[in-house]
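A look at the structure
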Amino acid sequence: PPLVSVQDVCQSYDNGTSGQITVLDNINMELRRGEIVGLLGRSGSGKSTLLRAIAGLIQPTKGTVTFEGKLISGTSSDVAVVFQNFALFPWLTVLENVEIGLEARGIKPAERRRQALSAIDLIGLDGYESAYPKELSGGMRQRVGLARALVVHPKLLLMDEPFSALDVLTSETLRNDLLDLWSEGRMPIEAILMVTHNIEDAVLMCDHILIFGSNPGHIIGEIHVDLPQP
Ligand code: ADP
Ligand code: ADP
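As a starting point, this report considers the structure included with it. The structure presented is a predicted model; accordingly, all values stated were derived computationally and were not measured.

Reading the values: the criteria
Residues numbered from 1 in each chain as written. Chains lettered and ligands numbered in written order. Predicted model: local features only at pLDDT ≥ 70, side-chain atom pairs only at ≥ 80, totals over all residues. Heavy atoms only, no water. Helix = DSSP H or I, 4+ residues; strand = E, 2+ residues; numbered from the N terminus. Contact = heavy atoms within 4.5 Å. Near = heavy atom within 4 Å. Polar contact = N/O pair within 3.5 Å; in protein donor to acceptor, adjacent residues only side chain to side chain. Areas by Shrake-Rupley, 256 points an atom, 1.4 Å probe, with all protein chains shown as cover. Nonpolar A, V, L, I, M, F, W, Y, C, P; charged D, E, K, R; others polar. Pairing = 2+ DSSP bridges. Axes fitted to C-alpha atoms, helices over the stretch in contact; angles between N-to-C directions.

Turning next to the environment of Gly145. In this structure, Gly145 sits in helix H4 (residues 138-150). Dropping the residues within four chain positions of it, Gly145 is found in contact with Val82 and Leu88.

Quick look at the structure:
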């Protein structure tokens, strides 16, 4: 089976006096190993909601999400998420923020440290192990978010607007570093799903792009990216 299969997924929220609002309307999609897939659409079109359903953070109102053919129920260490606002613990150092990813897994402290340092090194954060998030630039903070996600060796990496809090140059550097790691097979993951409203990020990073329309969120088209040869 594909790594992820989303079938007939709908999501509604109870919006108080105005009743139910439908955020996702009948989403069908698949994610295959070796792919980077983008969800591209305007703010509010339901992209994050779909990402959260794939992450097991929410249970869709209708439909199913399967991972390797099995129904997703709750979060799993096979799936890691990188958030727009980094979601770091401000009172923990870089090293401690990355080690957090391993804490729930019963790994011995020395081994946790070894794996965290290896993820820190991979993502270009060496030398910043004992810094606190507030001492870092946005780009470095997002690298901490990435290291914390990658340290658990997930099969799937979900990224929700990973560059949108960063300036253009920082985004470009991080995007290129991620693409280099991916194309050289140095990231220990099988597929990436990225939510973005930025066409350039989607085209330069993704093999497939699913275009989201709003009200309610649904897939209005799909682009297979073919980059010009350098
Ligand atoms: P996007 O990621 O495309 O910006 P979202 O998935 O974050 O879109 O949100 C889609 C719509 O669903 C928005 O109108 C948002 O306000 C609404 N929404 C998201 N989560 C909730 C929630 N927990 N309760 C009510 N409405 C929500
Ligand atoms: P993003 O910008 O990544 O799409 P949002 O800012 O839309 O994220 O949502 C952040 C959090 O707030 C999510 O947990 C989402 O479920 C919740 N949320 C978003 N919109 C609403 C809403 N209208 N009512 C209640 N919760 C919401």
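The full set of residues close to ligand 2 is Ser48, Arg52, Gln84 and Asp160. With respect to ligand 2, the side chain of Ser48 contributes an N or O atom lying 2.7 Å from an oxygen atom. Arg52 places a side-chain nitrogen or oxygen 3.3 Å from an oxygen atom of ligand 2. Look at ligand 2: alone it shows 550 Å² of surface, and the protein chains cover 26% of it. The residue makeup of the shell around ligand 2, split by class, is no nonpolar, 2 polar and 2 charged.

Let us now look at the sheet that holds strand E2 (residues 20-31). Strand order in the open sheet made by the 4 strands is E2-E1-E4-E5, with antiparallel pairing throughout. Strands with a single pairing partner mark the edges of an open sheet, and in this sheet they are E2 and strand E5 (70-71). Pairing analysis gives 5 bridges linking strand E1 (residues 4-14) to strand E4 (residues 62-67), with the strands arranged antiparallel. Within E4, the position partnered with Cys10 by the bridge is Lys62. Strand contacts of helix H1 (residues 47-54): E1, E2 and E4, with the helix running at about 60 degrees to E2, the strand carrying the most contacts.

Residues in contact with ligand 1, as listed here, are Tyr13, Val23, Arg42, Ser43, Gly44, Ser45, Gly46, Lys47, Ser48 and Thr49. One of the backbone N or O atoms of Gly44 is found 2.7 Å from an oxygen atom in ligand 1. Within the contact set of ligand 1, an oxygen atom lies 2.8 Å away from a side-chain nitrogen or oxygen of Lys47. Here ligand 1 has 560 Å² of accessible area as a free molecule, and 61% of this is covered by the chains. If one sorts the elements of the shell around ligand 1 by residue count, H1 sits on top with 3 residues. Across the shell around ligand 1, the residue classes tally to 2 nonpolar, 6 polar and 2 charged.

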